[in-house]
Amino acid sequence: MPLSWVEIDLAALRHNWGEAARRLGERTFLVGVVKSDAYGHGMVPVSRELVACGARFLAVSKYWEARELRARGIHIPLIVLLGLERQDVEDALLRDVRPVIFRVDHARMVHDVALKMGRKAPVHVKVDTGMNRLGVVWDELPRFLDEIASLGGLEIEGVISHFAAADEADKAYCQDQVQCFESVLRAFGDRGIRPPYAHISNSAGLLDLPHAHFQLVRPGIMLYGSQPSSDLLQPAGLKPVMTFKSRVLQLKTVPPDRPIGYGRTYRTRGVSRVATVPVGYDDGYSRLLSNRGAVLVRGVRAPVVGRVSMNMITVDVTHIGDVQPDDEVVLLGRQGDERITAEELAALCDTISYEIFCSIGKNRHKYFLGASEGDCGRGA
């Protein structure tokens, strides 16, 4: 039995996919975003479920992720959001992987390799509509399009952009981006380029901006059961997918006014029962939760006391009756009627649920429950 582990509820994942899909029009399809190990949830088992759910595409950040999915039997189209390095282009085209392109030299590189292979390379062109992060900038778009229009080795399958503030209540900037994106599509059309897919919406855009769904939307965080933000106008009936568990490693009775942990940042207020739990920042449980976080033991909240160390935390279970060594401890998720959410942990750490999932998801002991074709058991 591992000292700590993560459980992934694939039935909850399927439910969340359904919540996303039911908000779409008839001619709009979902791209399952599984980059960064599916936000820490396990890229391969999650991808298998999304394929079973009917995903039209899957999106990853880097080519090695696409290569891994192909090696593990995922055959639907894959979009690599950060594009390809030169050494990966031929292999990617052999594996029918779609790079995102946003530089002329990258476009020419893919074109050259495709021609040598006697084929066309399907690509998605990324245009910056206001994120100012990645993509062809508006002022350079005409020259970019003129350059790539002559590249016969490319098949422009999609045009992509990304919302900068769709998770905020004020959607004015989003509307500006939508108008810019529509202008981008017209610029393509003016040159006789009419890609079948345009996509700009993430989870927040899917929930709050139905007029911006175009042909594809790219839900990420909502698939894993978390709202993009508390400012959304449309609450979604999402189910959390990830649970993080450990167990009581040791119990101690500690006299009053005794220090606990590194730096002696906490002192007992009375005779205290303190449980040591074998989880720390190496397991993705943030050090910022020192003296702030809580865990669940026997369905009751127990505060973290003292500093989170690399491999251990200490929690006060004085108020919880009959706690025993090896009792289950829930650090993220539900136990009985109580629940600790990723949003709660994120607020305590001044971050977002995305980072909480990615950090905890690095735990090497991951179990996948409720697979559509039977439980996967422990996944890779």
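What you see as residue numbers is a count from 1 along each chain, following the sequence as written. The predicted origin of the model limits local features to residues at a pLDDT of at least 70 and limits the giving and counting of side-chain atom pairs to 80 or more, whereas totals for whole chains, interfaces and linings rest on all residues. Based on all heavy atoms of the structure, the side-chain values leave hydrogens and waters out of the count.

Draft legend 1. Spotlight on the pairing of strand β14 (residues 272-277). Taken across its six residues, β14 has five buried, putting it largely inside the fold. Note: two strands are recorded as paired if DSSP finds a minimum of 2 bridges between them. Per the convention used, a helix needs a DSSP run of H or I reaching at least four residues, while a strand needs a run of E reaching at least two, with both numbered from the N terminus. Strand direction decides the pairing type here: strand β11 (residues 250-254) and β14, joined by five bridges, are antiparallel. Looking across to β14, one finds that Thr253 is bridged to Arg273. Working definition: with a 1.4 Å probe on protein chains only, accessible area under 20% of the residue-type maximum means buried, over 50% means exposed, and in between means partly exposed.

Draft legend 2. Spotlight on unusual backbone geometry. You will see that Phe214, though not glycine, has its phi angle at about 50 degrees, which is positive. Tracing the backbone shows Phe214 in the loop between α9 (203-208) and β9 (216-217). Notably, Arg264 is not glycine yet its phi reads approximately 50 degrees, a positive angle. Along the chain, the position of Arg264 falls in the loop between β12 (259-260) and β13 (266-267).

Draft legend 3. The pattern of salt bridges, seen in detail. What makes a salt bridge here is a side-chain nitrogen of Lys or Arg within 4 Å of a carboxyl oxygen of Asp or Glu, nothing more. Inspection of every chain in the model, using the stated rule, returns 20 salt bridges. Residues Asp208 and Lys171 are paired through a salt bridge, measuring 2.9 Å at the closest nitrogen-oxygen approach. Here Asp208, found in helix α9, pairs with Lys171, found in the loop between β7 (154-160) and α8 (172-190); they are 37 residues apart in sequence, far enough to count as distant. In this structure, the salt-bridge partner of Arg301 is Glu338, at a minimum N-O distance of 3.3 Å. Taken together, the residues Arg301 in strand β16 (residues 300-303) and Glu338 in strand β19 (residues 338-340) connect sequence positions 37 residues apart. Residue classification places Arg301 among the partly exposed residues on the basis of a relative accessible area of 29%.

Draft legend 4. Summary view of helix α6 (residues 104-116). What a helix is expected to span follows from its residue count: subtract one and scale by 1.5 Å. For α6, built from 13 residues, the straight-helix expectation of 18 Å at 1.5 Å per residue is met to within 8% by its first-to-last C-alpha distance of 18 Å. Taken together, the buried positions of α6 are Val104, His106, Ala107, Met109, Val110, His111, Val113 and Ala114. In this analysis, two residues are considered to be in contact whenever any of their non-hydrogen atoms come within 4.5 Å of each other. On its buried side, α6 packs onto α5 (89-94), β5 (97-101), β6 (121-126), α7 (141-149) and β7. Two residues or fewer after α6 comes Gly118, characterised by a positive phi angle close to 70 degrees.

Draft legend 5. Structural context of the nonpolar core. In this structure, Val34, Phe188, Tyr285 and Val295 are the most contacted members of the largest nonpolar core, which totals 122 residues. Those residues within four positions of Tyr285 in sequence are excluded, and the remaining contacts are Phe244, Val279, Gly280, Gly293, Ala294, Val295, Val304, Val308, Ile313 and Leu331. As used in this record, nonpolar core signifies buried Ala, Val, Leu, Ile, Met, Phe, Trp, Tyr and Cys residues forming a set joined through side-chain atoms within 4.5 Å. Grouped together as the second largest cluster of nonpolar side chains are five residues, Val254, Ile260, Val274 and Val305 included.

Draft legend 6. View of the sheet that holds β5. Pairing in this open sheet of eight strands is parallel, and the strands run β8-β7-β6-β5-β4-β3-β2-β9 from one edge to the other. Every interior strand has two partners, whereas the edge strands, β8 (197-199) and β9, have only one. Relative to β8, β7 runs parallel, the two sharing three bridges. Looking at the pairing, Ile160 lines up with His199 of β8.

Draft legend 7. Representation of the packing of helix α1 (residues 10-21) against helix α3 (residues 43-53) within the structure. With their axes 10 Å apart at the nearest point, α1 and α3 run at an angle of 45 degrees to one another. Judged by the angle between their axes, α1 and α3 are oblique. Both α1 and α3 take part in a crossing whose hand is right-handed. Taken together, the residues of α3 that come into contact with α1 (itself represented by Leu10, Leu13, Arg14 and Trp17) are Pro45, Val46, Glu49, Leu50 and Cys53. Here an axis means a line fitted to C-alpha atoms, over the contact stretch when the element is a helix, while the angle between two N-to-C directions is reported on a 0 to 180 degree scale. By the definition adopted for this analysis, an angle is roughly parallel if under 35 degrees, roughly antiparallel if over 145, roughly perpendicular if from 65 to 115, and oblique otherwise. For any pair of crossing helices, the crossing counts as left-handed if the nearer helix is rotated counterclockwise from the farther one by less than a right angle, and right-handed if it is rotated clockwise.

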